[in-house]
Amino acid sequence: MVPVRYHLRSLFARWTSTLASIALIAVVIGVFAYLQAVVESAVRVLARSADPNAIVILSPGALSETVSNLQKDQINRLETIPQLVRDADGPIISNEIVALSSAVPREGGDVTVNAAVRGVDLARANRVRHGRVHIMPGGRAFRPGASEIIVGAAVHHLHRNHDPGDEVVLGTRASTAFRIVGVFDTGGTAADSEIWGDVERFRETYGRTGYSAARVLVPDGNAAWQAIQMAQGPSVGLSAQTESDYFRRLGTNQRPTFVLSIAIVIILGIAAALAVANTMYASVAARTGEIAMLRTMGFVRSSILAAFVLEGLALAALGGALGVLLSCLWYGTQQKMVSGMLTVVSYRLAITAPIAATCLAVGAGIGLAGTLLPAWRASRVDVVTALREM
Amino acid sequence: MTTLTIAFRSLARRRLRTVLTLLSIALPMLVYTGARSIVDDVRRFIAEVDRNGRVVVHQRFGYTTTLPQRLREDILALDHRGSVRAVCRTTWFGGHVEDAQVAFPSMAVDRDTFPIVYDEYGFSPDDLRRLAAERRAAVVGRPLAARMNWKIGDVIVLVGGLPPYPRMEFIVAAIPSRLETSWLYVGLDYYDEVYREKAGEPVGVNTFWLKCTSAEARRWALTEIDRHFANSEHETRTEMESTFLLSFARTEGAWVDLIWTVGQLIVLVSVAAAFNTLSQSIRERTRDLAVLRALGFSRARIMGMVLLEGLSFGLLGGLLGVMPVYLVSAVVSPVLPGSSAPLHISGWTSVVGIATGLAVGALAAVLPAASASRLKVAAALGRVV
């Protein structure tokens with residue numbers, strides 16, 4: 001094998017083009033990591049909200065909670081499903097109302113966006129969410145029946161005038177002012193972008209005769225399947241799906257972003273591989289004499305091939321690592337997306353270990369693709385001619 | 001021998017390298033032009049839409065809350081000076097084809113005024129006749145009709161997306177030539193009839209679109225309608241069409257911003273690629289350059305030569321990256337995933353793309369050109385000879 005020192009020296013000897021190649025791969029991989037993080041973090045905020053053992057009940061035909069309408073007697077029929085998790089009073093059913101309100105985005109302007117408003121019985125809503133809803137210190141829960149609301153931890157990043165103490169006007173006729181009495185945190189789920197209040201108070205405010213959705217719990221996946229069959233069967237006759245499936249459907253509008261980012265990365269990856277090939281071809285051409293010398297010293301063709309491939313891979317690894325670091329500049333920044341309910345959901349951008357690993361692998365792939373042909377040429381150098389020309 | 005000839009000769013010297021470099025400039029330029037076109041499409045659409053002279057009236061706190069249908073007459077009754085040519089009520093229908101994976105947006109609209117308020121869609125006289133005669137008429141955007149293989153006269157069955165989720169039959173009545181979105185419109189009267197039957201109340205209206213007769217008429221509409229309905233049971237908010245659309249662009253805007261950020265970063269890729277090639281080529285030609293200097297070429301001329309080489313790389317790379325997408329978009333109008341309108345790459349965007357290519361070439365050539373011009377002739381000649 002050709003000693004590592006030789007590679008390091010030759011990379012340093014042409015430091016400008018080495019640097020340019022590294023920078024190039026870094027930008028491509030940085031863009032890739034960023035795009036991947038945008039898509040994955042967006043899907044994850046929904047997935048994190050998703051519990052395979054919670055079932056979302058909607059009216060037949062409804063695709064999301066915002067357009068679903070369940071009457072009390074329809075919800076009562078759920079009590080006949082034996083698989084549901086129960087307490088002393090019977091199955092734990094959380095009746096919820098979901099409505100949209102308009103809010104001015106944090107960055108201002110005179111255009112408005114949709115905010116999701118959810119009416120709940122806080123104790124029960126928290127039960128079906130496995131106690132994940134925490135009221136942050138300094139605030140308190142809304143009192144049932146009062147014109148009070150609590151806002152998710154991310155709402156502050158999304159909408160103006162949605163901080164504790166502020167009044168938010170809600171209702172079909174936008175008729176009632178609700179005071180924000182607390183902030184709640186569900187650990188980064190989509191609920192953190194919602195506004196919550198008392199379900200019966202919201203029924204009045206929004207003039208609803210029924211509810212939007214009901215959430216129930218089952219002990220395991222098998223029970224979930226049976227319960228869904230029963231809920232959709234003739235005796236209950238409602239639409240039922242696990243929360244995981246529900247959020248996956250709401251997240252499908254992220255797919256175009258994913259498809260486009262893949263397309264962009266493929267095109268850029270090819271460009272980067274070509275540029276690496278360019279650098280390596282030049283480096284091989286400039287080092288024909290050195291290669292011939294190495295060959296006369298007894299290094300075999302395969303060692304030469306390996307030597308140049310290693311050089312390319314080292315470039316790519318450095319560039320890839322730099323690119324991942326570059327994308328980390330956006331780590332933890334608040335991003336926005338529009339969920340399938342047409343409401344804005346805020347999420348934190350995260351460059352996860354799998355993303356970093358994929359990016360490094362793609363970087364190495366680019367390096368390999370760009371190096372193979374030049375390295376092949378290097379290993380084929382005609383020793384005698386090359387030595388004569390030195 | 002002119003500077004230009006020398007520049008081109010050196011490009012031709014190492015063909016493989018030139019081709020590789022051109023491609024590694026062209027591909028990022030392709031992505032850049034695509035990204036710019038997406039962003040431009042959105043911005044231009046919003047900038048130009050107000051030429052259609054429309055304003056929208058919706059509930060004061062947002063379009064998701066509905067207003068009663070009779071407001072169409074109330075608004076027309078306010079208009080004493082003929083400011084409003086027509087009012088078209090639109091409400092979300094959200095229909096989908098049963099068991100189909102395809103999703104498209106759909107609205108219920110007034111059959112009589114829709115073609116007047118949206119006259120830019122290019123309804124033919126036949127379209128108008130069918131639309132007026134058929135209660136079950138559906139107006140389908142061209143890309144959607146092509147994708148679903150729907151033709152005039154086809155019967156389609158849609159299930160509404162809002163309670164009571166009516167299952168309704170429609171007849172494709174018009175595929176207007178300039179309706180280049182994947183939207184579908186059905187008759188409000190027919191939807192209302194089915195809705196009333198199932199829900200026991202009339203369907204509410206999300207938005208009222210007013211076609212105004214003049215700029216002054218629009219100013220009147222923007223102030224007087226809201227003033228009239230203030231403190232009534234149904235308070236309104238009247239907006240320019242662009243303002244209204246901007247609220248969607250704002251929510252979808254994250255995506256546009258993302259594309260734009262990425263598009264700009266991508267230019268760096270081609271700068272790095274071109275820089276690499278140029279500095280290599282200069283290094284290899286140290287001797288040639290030294291000879292030229294010895295022959296009496298000035299430092300400035302050497303510098304100009306290298307810059308020119310960079311510019312030709314940029315120009316060719318830009319052309320190579322931009323022209324194919326420009327031609328393709330002009331011929332087939334591709335629809336990108338997640339968008340409902342075809343991507344349009346304008347001549348201007350193409351020019352900007354090529355100019356960006358030039359800038360890339362210039363930027364990449366600055367350092368190599370500087371180092372070439374600083375060449376110490378005696379040392380360079382001595383080193384090689």
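Definitions and cut-offs
Residues numbered from 1 in each chain as written. Chains lettered and ligands numbered in written order. Predicted model: local features only at pLDDT ≥ 70, side-chain atom pairs only at ≥ 80, totals over all residues. Helix = DSSP H or I, 4+ residues; strand = E, 2+ residues; numbered from the N terminus. Buried ≥ 20, exposed ≤ 12 C-beta atoms within 10 Å, placed from the backbone. Pairing = 2+ DSSP bridges. Axes fitted to C-alpha atoms, helices over the stretch in contact; angles between N-to-C directions. Contact = placed C-beta atoms within 7 Å. Core = buried A, V, L, I, M, F, W, Y, C linked by C-beta atoms within 7 Å.

Caption draft 1: Representation of the overall build of chain B within the structure. Summing up its helical and strand segments, chain B has 13 helices and nine strands in all. For chain B, the proportion of its 385 residues judged to be buried stands at 44%.

Caption draft 2: A look at the sheet that holds strand E8 (residues 207-212) of chain B. Residues and elements named next belong to chain B. The mixed open sheet is built from nine strands, whose spatial order is E5-E6-E4-E7-E3-E2-E8-E1-E9. Where the open sheet ends on each side, the last strands, each with one partner, are strand E5 (155-159) and strand E9 (236-240). Pairwise comparison of adjacent strand axes, ignoring direction, gives a mean angle of 35 degrees for this sheet. Examined bridge by bridge, strand E2 (residues 84-92) and E8 share six bridges and lie antiparallel to one another. Note that in E8 the partner of valine 84 across the bridge is cysteine 212. Each of E2, strand E3 (106-109), strand E6 (167-174) and strand E7 (184-187) touches helix H7 (residues 188-199); the most contacted strand, E7, lies at about 65 degrees to it.

Caption draft 3: Highlighting the nonpolar core. In this structure, Leu24, Ile57, Leu268 and Ala272 of chain A are the most contacted members of the largest nonpolar core, which totals 221 residues. It is helix H2 (residues 15-49) of chain A that provides the largest number of residues to this core, a total of 21 residues. Beyond its immediate chain neighbours, meaning those up to four positions away, alanine 272 of chain A contacts Leu24, Ile25, Val28 and Ile366 of chain A together with Val269 of chain B.

Caption draft 4: Representation of the interface of chain B and chain A in the model. With 44 residues of chain B at the contact, the number on the chain A side is 50 residues. Counting only elements with at least two residues in the side of chain B that touches chain A, the list comes to helix H2 (15-48) and helix H9 (241-284) of chain B. A total of 21 residues in the side of chain B that touches chain A trace back to one element, the largest contributor, which is H9 of chain B.

Caption draft 5: Examining the pairing of strand E1 (residues 54-58) of chain A more closely. Residue and element names in this part refer to chain A. Burial of E1 is extensive: five of the five residues sit out of reach of the surface. Judged by which residues are buried, E1 turns out to be covered on both faces: Ala54, Val56 and Leu58 on one side and Ile55 and Ile57 on the other are all buried. Examined bridge by bridge, E1 and strand E11 (residues 213-217) share four bridges and lie antiparallel to one another. Bridge pairing links isoleucine 57 to alanine 214 in E11. Relative to strand E12 (residues 239-242), E1 runs antiparallel, the two being bridged by four bridges. Across the sheet, leucine 58 pairs through a bridge with serine 239, a residue of E12.

Caption draft 6: Focus on the environment of valine 85 of chain A. Residues and elements named next belong to chain A. Secondary-structure assignment places valine 85 in the loop between helix H3 (72-76) and strand E2 (86-87). For valine 85, a count of 16 C-beta atoms within 10 Å puts it in the partly exposed group. Separated by 46 residues in sequence, valine 85 and valine 39 place their C-alpha atoms 34 Å apart. Sequence-distant contacts of valine 85, that is, excluding residues within four places in its chain, are made with Ile92, Leu217, Val218 and Pro219.

Read these as layout, nothing more, since geometry by itself doesn't imply function.
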